[in-house]
Amino acid sequence: MMANHMALTRNLNFVPADRTSRKPLSKSTDGSEPGSSAPRRGLRGYLLNSPRPGKVTAHQDGAIVWDGSGLITYAGSWQERPRARTISWEDWRSRLITPGFVDVHCHLPQYPAVAQGGLELLPWLQRYIFPLEKHFTPERATREASRFFAELKRNGITSAAVYVTACPESTEVCFQAARRSKLRIAMGQMMMDVNSYLARDSRALTRRVLEEGERLCRRWHGAARGRIRYAFSPRFALTCSSELMRATGELARATGAFIQTHLAENPAELVAVRKSFPKAIDYTHVYEQHGLLGPQTIVGHAIYLSDREYAALRETGTKVAHCPTANLFLRSGVMDWSRMRSEGVAIGLGSDVGAGPELNPWQVMKGASYSHKLRVVLTGTGSEPSLADLFRVATVGGAEILWPERKLGQIAPGFEADLVVWDVDRVDAFEEPLTERTDAELVLSKLVFRGALARAIRTYVGGEAV
Ligand SMILES: [Zn+2]
C-alpha cells in the first residue's frame with residue numbers, strides 16, 4: 001500500500017508534517033516556554049532503533065513524544081501513545097524514523113574531492129588534498145561550509161567530528177556555519193608545522209599554529225548551547241613536530257576539548273613514521289609519548305596495530321573512528337573489527353570524506369559489512385559485525401564518543417530528540433513499501449545494502465527541526 005500522505009494528514013486533522021515550522025520551537029502549542037517538561041511535539045511513523053548492542057527493533061506504527069526541553073518522554077506504539085491535548089503531532093506514516101546518525105570523522109574542505117583518485121594515501125594527499133586545502137580561502141569557506149552542513153542533514157547526520165584546514169580564518173568561517181546549521185559539531189583547525197602547505201617549517205610556525213588553535217578553542221568550545229565543541233586536530237605524525245604534539249596534548253587537557261588525528265592507515269605511512277620517529281616503539285607510541293592519547297581523543301583508521309598498540313588504546317581510553325569506505329577507496333586495508341571489539345576499544349563510524357566517496361551512513365555501513373565479510377573469508381579469523389552492530393555504532397556508538405555526558409543516539413525516553421525522517425519509498429525492489437514490513441532486521445538489511453535510495457527529508461536536533 002502506498003499511503004497518500006497528505007490525504008491521511010487531512011483525514012486525521014494532524015498538523016501536515018511537510019508544512020510544520022522549521023523554525024526553533026520558541027513557544028509550544030500549549031503555550032509552555034522552551035525548557036518546559038510538558039509534552040509538546042509528537043511524531044507518528046515507522047521507528048527503527050537500537051535499544052542495546054546487537055539488537056534492532058521496529059515499531060511499524062510508532063509514536064515519539066518529546067517535551068519542551070527536547071527530551072523524549074515516550075517512544076513506542078501509536079496505540080499506546082500519551083493522549084495529552086498539548087501534544088502537536090506530525091504524521092510521518094509511510095516514512096521511517098531513525099536516531100540521528102553520528103559521523104565521527106570527516107573533512108569539510110575535502111568534500112569537492114570525493115571519488116577522485118585511484119592513489120594510495122600519501123600520493124593522494126600530495127596530488128589532490130594538500131592543493132585543495134591550500135586554496136580553501138575564507139571566501140571559499142563562506143561558499144562551501146553551509147552547503148557541507150546541509151549535506152550532512154541531507155544524509156541523516158545530526159552530529160559530526162570535522163576537520164577543516166590549516167587556515168584559521170577559514171576555520172572560523174566554518175564554525176560560524178556550524179552554529180547556523182544547529183547540528184552538533186566537534187571541529188578544529190588542521191594542525192601542521194612540518195611539511196605544511198601554508199608555511200615553511202619553523203619554531204615560529206609551531207608557536208603560531210598553537211596560538212591559533214588555542215584562540216579558536218576558547219572562542220568555540222561549548223558554543224551554541226553546547227552543540228559545538230573544539231577538536232584539536234594534529235593531522236598525523238608526519239606533519240607534526242614533537243613540540244606541537246606535546247603542547248597540543250596540554251592544551252586539550254587544559255580546555256577539555258577533543259583531539260582528533262589519524263593513526264596507522266596505510267603501510268607506506270607506517271614506514272615513513274618509523275623513519276621520522278626512530279625512538280618510538282611503534283606508531284601509536286608517537287602519540288602516546290607526546291600525551292595525545294586519552295578518553296577525549298579520536299584516532300582515525302587504526303588498521304595496522306601491534307598487540308602493544310591495542311593495549312595502549314584500551315588503557316588510555318582512546319576512541320577509534322572506523323572509516324571503511326575511505327579505507328577501501330584508498331586501498332588502505334581493513335581494520336580488525338573483532339580484535340578492536342575484544343579489546344574493548346570504543347568505535348564510531350566515519351565517512352572520512354574526501355577519502356570516503358560519500359557521507360551517506362547506510363553506504364558507510366555497507367562498506368563496513370562488505371569489507372569485514374571479505375576480511376573474515378580471506379584471513380579465516382575473527383568475525384564480521386552484524387548489521388545491528390553497525391547501526392548501533394553509527395548512532396549510539398558515535399554519540400557516546402562525541403557527547404559522552406549526554407543521552408543521544410536512541411529513540412527512547414530520557415534521550416534527546418535527535419531524529420531523522422527518511423523517505424524510503426524507493427529502497428525496496430519494485431518499490432514495495434519498506435514501512436509495510438515488520439521484521440526490523442530485514443528492514444535494516446534493505447537500508448544498509450540499498451540505502452543510497454533513501455532520502456532524509458526532515459532532521460531534528462534536540463527536538464528542533466533544523
Ligand atoms: Zn581523515
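Residues numbered from 1 in each chain as written. Predicted model: local features only at pLDDT ≥ 70, side-chain atom pairs only at ≥ 80, totals over all residues.

Draft legend 1. Summary view of the overall build of the chain. When its secondary structure is counted, the chain shows 15 helices and 16 strands. For 466 residues, the compact-globule estimate of 2.2 N^0.38 gives 23 Å, and the chain sits close to it at 22 Å. Among the 466 residues that make up the chain, the fraction classed as buried is 53%. Of the contacts made within the chain by residues no fewer than 6 positions apart, 76% connect residues no fewer than 24 positions apart. (Helix = DSSP H or I, 4+ residues; strand = E, 2+ residues; numbered from the N terminus. Rg over C-alpha atoms; globule rule 2.2 N^0.38 Å. Buried ≥ 20, exposed ≤ 12 C-beta atoms within 10 Å, placed from the backbone. Contact = placed C-beta atoms within 7 Å.)

Draft legend 2. Seen up close, the pairing of strand β15 (residues 455–461). With five of its seven residues buried, β15 lies for the most part within the structure. Strand direction decides the pairing type here: strand β14 (residues 419–423) and β15, joined by five bridges, are antiparallel. Within β15, the position partnered with Asp423 by the bridge is Arg455. Bridge count between β15 and strand β16 (residues 464–465): two bridges; the pairing is antiparallel. Bridge pairing in β16 links Val461 to Glu464. Following β15, the chain reverses through two residues before pairing antiparallel with β16; Gly462 in that reversal takes a positive phi of roughly 55°. (Pairing = 2+ DSSP bridges.)

Draft legend 3. How the structure looks around the domain arrangement of the chain. Domain assignment breaks the chain into domain 1 (5–99 + 409–465) and domain 2 (101–402). Using C-alpha coordinates to define each centre, domain 1 is positioned 31 Å away from domain 2. In this complex, domain 1 contributes 24 residues to the contact, which on the side of domain 2 involves 26 residues. For the side of domain 1 that touches domain 2, the secondary-structure elements that each account for two or more residues are β2 (55–67), β4 (88–99), β14, α15 (440–450) and β15. (Domains from an automatic or database assignment.)

Draft legend 4. Expanded view of the nonpolar core. Counting 135 residues, the largest nonpolar core has Ile64, Ile97 and Cys174 as the members making the most contacts within it. No other element matches the nine residues that helix α14 (residues 387–402) contributes to this core. For Ile97, the contacting residues outside a window of four places in its chain are Leu43, Gly45, Tyr46, Leu47, Ile64, Trp92, Leu419, Val420 and Val421. (Core = buried A, V, L, I, M, F, W, Y, C linked by C-beta atoms within 7 Å.)

Draft legend 5. Quick peek at helix α7 (residues 242–255). Taking 1.5 Å of rise per residue, 14 residues should cover 20 Å, and α7 covers 20 Å from first to last C-alpha, within 8% of that figure. The set of residues buried in α7 consists of Leu244, Met245, Ala247, Thr248, Gly249 and Ala252. Contacts made by the buried residues of α7 are with β8 (190–191), α5 (203–220), β9 (228–234) and β10 (258–263). Downstream of α7 by one or two residues, Gly256 has phi in the positive range, about 80°. (Expected span 1.5 Å × (residues − 1).)

Draft legend 6. Focus on unusual backbone geometry. At the junction of Val353 and Gly354, the peptide bond is cis and its omega measures out at 5° in the coordinates. One can find Gly354 in the loop between β13 (347–349) and α13 (361–379). Of note in the backbone geometry, Ala264 takes a positive phi value of approximately 45° without being a glycine. As for its placement among the helices and strands, Ala264 is situated in the loop between β10 and α8 (267–276). Since 25 C-beta atoms lie within 10 Å of it, Ala264 is described here as buried. Positioned with a positive phi, His301 is a non-glycine residue whose angle comes to about 85°. Assignment of secondary structure puts His301 in strand β11 (residues 297–301). Look at His301 and you get buried, because 30 C-beta atoms sit within 10 Å.

Draft legend 7. Highlighting the environment of Arg184. Mapped onto the elements of the fold, Arg184 is located in strand β7 (residues 184–188). Here the alpha-carbon distance between Arg184 and Arg229, two residues 45 residues apart in the chain, equals 8.2 Å. Leave out the neighbours within four places in its chain, and Arg184 touches Thr158, Ser159, Arg227, Trp403 and Val461.

Draft legend 8. Region of the structure containing the packing of α13 against α14. Close contact between α13 and α14 brings their axes to 10 Å; oriented N to C, the two are set at 135°. Classified by the angle their axes make, α13 and α14 are oblique. Crossing of α13 over α14 shows right-handed handedness. The residues of α14 that touch α13, namely those facing Pro361, Met365, Ala368 and Ser369, are Leu387, Leu390, Phe391 and Ala394. Looking at the contact of α13 with α14 residue by residue, the class counts come to seven nonpolar, one polar and no charged. (Axes fitted to C-alpha atoms, helices over the stretch in contact; angles between N-to-C directions. Parallel < 35°, antiparallel > 145°, perpendicular 65-115°, else oblique. Left-handed = near helix turned anticlockwise from the far one by under 90°. Nonpolar A, V, L, I, M, F, W, Y, C, P; charged D, E, K, R; others polar.)

Draft legend 9. Fine view of the environment of Phe449. Tracing the backbone shows Phe449 in helix α15. Judged by the 16 C-beta atoms lying within 10 Å of it, Phe449 is partly exposed. As for Phe449 and Met365, which are separated by 84 residues in sequence, their C-alpha atoms are 8.3 Å apart.

Draft legend 10. Expanded view of the environment of Ile72. Turning to its location among the elements, Ile72 is positioned in strand β3 (residues 72–77). It is 5.5 Å that separates the C-alpha atoms of Ile72 and Phe415, two residues lying 343 residues apart in sequence. Not counting chain neighbours up to four residues away, the residues in contact with Ile72 comprise Ile64, Trp66, Ile411, Ala412, Pro413, Gly414, Phe415 and Ala417.

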